[in-house]
Amino acid sequence: MNGERTGKSTCTTGIAIVGGGAAGAAIFGALLAQEAFDHVLWITGRQDDLGRGVAYGAARDHHLLNVRAKDMGLYIDADEDFARYGARHRPGSQPTDFLPRRMFGDYIQSQLSKRLRNAEQQGRCFTIAYSIATRLSAKGSGYEIMLDDGQIVMADRVVLALGSLPPRPLRAVSEDAIASAAYVLDPWSLTRRPLQPRRLIVIGTGLTAIDTILSASMRWPDVELIALSRHGLLPSAHPPLPVEPYPHQADLNAKLMACAGPASILAEIRRLLRENPAIDWRSIIDGMRPINARLWQALSLRQRRQFLRHIRWLWDSSRHRFPPGIGAIIQQLRDEGRLHVYAARVLKVDGTGPLNVSIRHRANQAVTTLQSDVVVQATGLDTAVSFAGHRLLGGLIQDGLAVADPLQLGLLARADGHLINTAGGIQPGLYAIGSLLQGNLWECVAMPEIHKAAHALAMQLNTHRPMRSMAIASN
Ligand SMILES: Cc1cc2nc3c(=O)[nH]c(=O)nc-3n(C[C@H](O)[C@H](O)[C@H](O)COP(=O)(O)OP(=O)(O)OC[C@H]3O[C@@H](n4cnc5c(N)ncnc54)[C@H](O)[C@@H]3O)c2cc1C
């Protein structure tokens, strides 16, 4: 991967991107593609796997994309799309296949390298700083960014691509349990554990839990696996080939847009499926993708809360599906009695290892305590910026440059990514992309949305360009 560490260098003009995952790569590359941009700094955090982030870095070969190759993207105007890249590197693979996540990480790095090379040949200055941004404050009409290696960056505009926040332990987990090696907050660190557990409990039943179950079952064939969540619902599976689009989706979407809230949207979909049992429900859910953000934006705060509390579990399992091959493995684990899935609430996790996990079963309200050598918290993406302990975000909120979404779904922002400050206005030149925008867009975390958002943001940054300079200076 091309790119330089920043030293005492000085750049002119100023966009700084903070966050070295796939969203950072998407916006950095979108700016690289436009000749109008020069002197862009990408602050990536300390990582070797530039652009891969959690999703496309640590993944093993059995960790597959949950989106078909033809729908994965990094740049709208990429010279080679991911499906063609996949076919080149895995002969015989089809655009409708679910390829390994690691391969998408390779694709990100190859696309980035090409764009960096082109920009270098054009004599443009794009710099990569492998540092962590610890503080961002307003200075004049721009921003001052402190890096953990002591450098200070002055930038006219800043894009935050911070991705998933550091996981927080659930309230039910005791301090002793958290301090013990038996409680695993980062599911991706699980495979580094040397000892074979007899029993492993996964808290959560979403896609991260599925990843954890797959890794644990392959590493330790004799381990007993228990996955639990309030509803005990695993994600649904994608069919081997894409479902035919529902021919009347446009009419349905218009009807859904006119519904009075999440309960009536759900009722409308259920009615349609009841009256037309031949329709594959997955075509309806997939066909809603273009209106999901508008549906979400039309909801009041109360309705959004209602959705999160009562419907999200069903939406997530229907919308975020796993590839068909993974579904077969999970079913086999269940059939062999190696995996048990409970609909239950975690009341308490205590001990120092093995841990005692008290749960209340949803069906009969019975409370049981299970002993487990390892408990993995796989409850998914955390967007609760107020509680995250993320220094950069904490400072932004404290200074009033950004405001937490009232439902803790990232930061308050406009649909175009411009952040909103405590005065209720847009914070000039401060943007976000990806999961920090969940409160405004709801669906903005996956690559099909991120790569389009990156392109749109690059166009917007190009249209409104302040001609100021950015200097990178040592403390
Ligand atoms: C396990 C998993 C599987 C997924 N599978 C798919 C899939 O198949 N298809 C799909 O479309 N989507 C998938 N997703 C969704 C995924 O979130 C996005 O596709 C994408 O990876 C998000 O990238 P990101 O850059 O927003 O976040 P991240 O990958 O979390 O990257 C953010 C980066 O910012 C860095 N950072 C944070 N704070 C700072 C700071 N202060 N200074 C500097 N750097 C900082 C972090 O270290 C991190 O490297 C998956 C997600 C996960 C977790």
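Reading the values: the criteria
- Residues numbered from 1 in each chain as written.
- Predicted model: local features only at pLDDT ≥ 70, side-chain atom pairs only at ≥ 80, totals over all residues.
- Heavy atoms only, no water.
- Helix = DSSP H or I, 4+ residues; strand = E, 2+ residues; numbered from the N terminus.
- Rg over C-alpha atoms; globule rule 2.2 N^0.38 Å.
- Buried < 20%, exposed > 50% of the residue type's maximum accessible area, 1.4 Å probe, protein only.
- Contact = heavy atoms within 4.5 Å.
- Areas by Shrake-Rupley, 256 points an atom, 1.4 Å probe, with all protein chains shown as cover.
- Patch = residues over 30% accessible without salt bridge, like charges linked within 9 Å, V, L, I, M, F, W, Y side chains within 5 Å.
- Salt bridge = Lys/Arg side-chain N within 4 Å of Asp/Glu carboxyl O.
- Lys, Arg positive; Asp, Glu negative; His and termini not counted.
- Charge placed at Lys NZ, Arg CZ, Asp CG, Glu CD.
- Core = buried A, V, L, I, M, F, W, Y, C linked by side-chain atoms within 4.5 Å.
- Expected span 1.5 Å × (residues − 1).
- Domains from an automatic or database assignment.
- Buried area = accessible area lost by both parts, 1.4 Å probe.
- Polar contact = N/O pair within 3.5 Å; in protein donor to acceptor, adjacent residues only side chain to side chain.
- Near = heavy atom within 4 Å.
- Nonpolar A, V, L, I, M, F, W, Y, C, P; charged D, E, K, R; others polar.
- Axes fitted to C-alpha atoms, helices over the stretch in contact; angles between N-to-C directions.
- Parallel < 35°, antiparallel > 145°, perpendicular 65-115°, else oblique.
- Left-handed = near helix turned anticlockwise from the far one by under 90°.

The chain carries the name Pyridine nucleotide-disulfide oxidoreductase in an unreviewed UniProt entry, which gives Dyella flagellata as its organism.

A. Seen up close, the overall build of the chain. What the chain contains, in helices and strands, is 15 helices and 17 strands. For 475 residues, the compact-globule estimate of 2.2 N^0.38 gives 23 Å, and the chain sits close to it at 23 Å. Taking the principal axes of its C-alpha atoms as reference, the chain extends roughly 65 × 55 × 50 Å. Classification of the 475 residues of the chain by burial places 53% in the buried group. Across the chain, contacts joining residues at least 24 apart in sequence account for 72% of those joining residues at least 6 apart. As presented, the chain carries roughly 21,100 Å² of accessible surface, and 52% of it is formed by carbon and sulfur atoms.

B. How the structure looks around a positive patch on the surface. On the surface, Arg230, Arg305, Arg309, Arg345, Arg360 and Arg362 cluster together into a positively charged patch. Of note, Arg360 is situated in strand S12 (residues 355–361). We classify Arg360 as partly exposed; its relative accessible area is 33%.

C. Fine view of the nonpolar core. Counting residues in each nonpolar core, the largest one holds 46 residues, and the members touching the most others are Ile17, Phe28, Leu31, Phe82, Phe104, Phe126 and Val159. At the level of secondary structure, the elements contributing two or more residues to this core comprise strand S1 (15–18), helix H1 (22–32), strand S2 (40–43), helix H3 (82–89), helix H4 (101–121), strand S3 (126–129) and helix H15 (447–463). When residues in this core are grouped by element, the largest group, nine residues, is from H1. Dropping the residues within four chain positions of it, Phe126 is found in contact with Phe28, Leu31, Leu32, Phe37, Asp38, Val40, Leu116 and Ala119. Residues Ala16, Val18, Ile43 and Leu430 belong to the second largest nonpolar core, which totals 33 residues.

D. Quick look at H4. Spanning 21 residues, H4 covers 31 Å between terminal C-alpha atoms, matching the ideal 30 Å at 1.5 Å per step. Downstream of H4 by one or two residues, Gly123 has phi in the positive range, about 75°.

E. Up close: the domain arrangement of the chain. What the domain assignment lists for the chain is domain 1 (15–166 + 383–474), domain 2 (175–237 + 321–377) and domain 3 (249–319). Taken together, the two surfaces of domain 1 and domain 3 that pack against each other cover about 1,100 Å², and 56% of this comes from carbon and sulfur. Together, Leu407, Trp442 and Glu443 form the three largest contributors to the area buried by domain 1 at its contact with domain 3, with a combined 56%. Summed over the shared surface of domain 1 and domain 3, the result is two salt bridges. Between Arg319 and Glu443 there is a salt bridge, and its shortest N-O distance comes to 2.7 Å. Counting the contacts that link domain 1 with domain 3 gives six residue pairs in polar contact (both at pLDDT 80 or more). For the side of domain 1 that touches domain 3, the elements supplying multiple residues, two or more each, are helix H14 (438–441) and H15. Looking at which element gives the most residues to the side of domain 1 that touches domain 3, the answer is H14, with four residues.

F. Spatial organisation of the side chain of Asp382. By the secondary structure assignment, Asp382 is in the loop between strand S14 (374–377) and helix H13 (391–398). At 2.9 Å, the side chain of Asp382 forms a polar contact with the side chain of Arg168. Leave out the neighbours within four places in its chain, and Asp382 touches Ser164, Leu165, Pro166 and Arg168.

G. The pattern of salt bridges, seen in detail. Per the counting criterion, the structure on display carries 23 salt bridges. Of the charged contacts, one joins Asp79 and Lys114 as a salt bridge, the two residues approaching to 3.3 Å between their closest N and O atoms. In this pair, Asp79 sits in the loop between helix H2 (53–57) and H3 while Lys114 sits in helix H4, placing the two residues 35 residues apart along the sequence. You can call Asp79 partly exposed: its relative accessible area is 48%. Note on Lys114: relative accessible area 27%, which makes it partly exposed. Bridged by salt links that share partners, the residues Asp49, Arg52 and Asp106 form one connected network.

H. Looking closely at the site of the ligand. Taken together, 35 residues sit near the ligand, with Ala23, Tyr56, Asn66, Ala133 and Met447 positioned nearest. The separation between an oxygen atom of the ligand and a polar main-chain atom of Ala22 is 3.1 Å. Contact distances for the ligand include 2.8 Å between a nitrogen atom and a backbone N or O atom of Ala133. Notes on the ligand: free accessible area 1,000 Å², of which the protein chains cover 84%. Elements that contribute at least two residues to the shell around the ligand include exactly H1, H2 and H15. Looking at the shell around the ligand element by element, the count peaks at four residues for H2. Looking at side-chain class alone, the shell around the ligand contains 21 nonpolar, 12 polar and two charged residues.

I. The packing of H1 against H4, seen in detail. Interhelical geometry of H1 versus H4 gives an angle of 30° and a closest axis separation of 10 Å. One finds that H1 runs roughly parallel with respect to H4. Of the two possible hands of crossing, H1 and H4 adopt the one that is left-handed. On H4, the residues that touch Ala22, Ala25, Phe28, Gly29, Ala30 and Leu32 of H1 are Ile108, Leu112, Arg115, Leu116 and Ala119. Residue composition of the contact of H1 with H4, grouped by class: nine nonpolar, one polar and one charged.

J. Broad picture of the environment of Leu314. When you line up the elements, Leu314 lands in helix H11 (residues 301–319). Sequence separation between Leu314 and Ala26 is 288 residues, and the spatial gap between their C-alpha atoms is 30 Å. When sequence neighbours within four positions are dropped, the list of residues in contact with Leu314 reads Leu233, Leu266 and Arg270.

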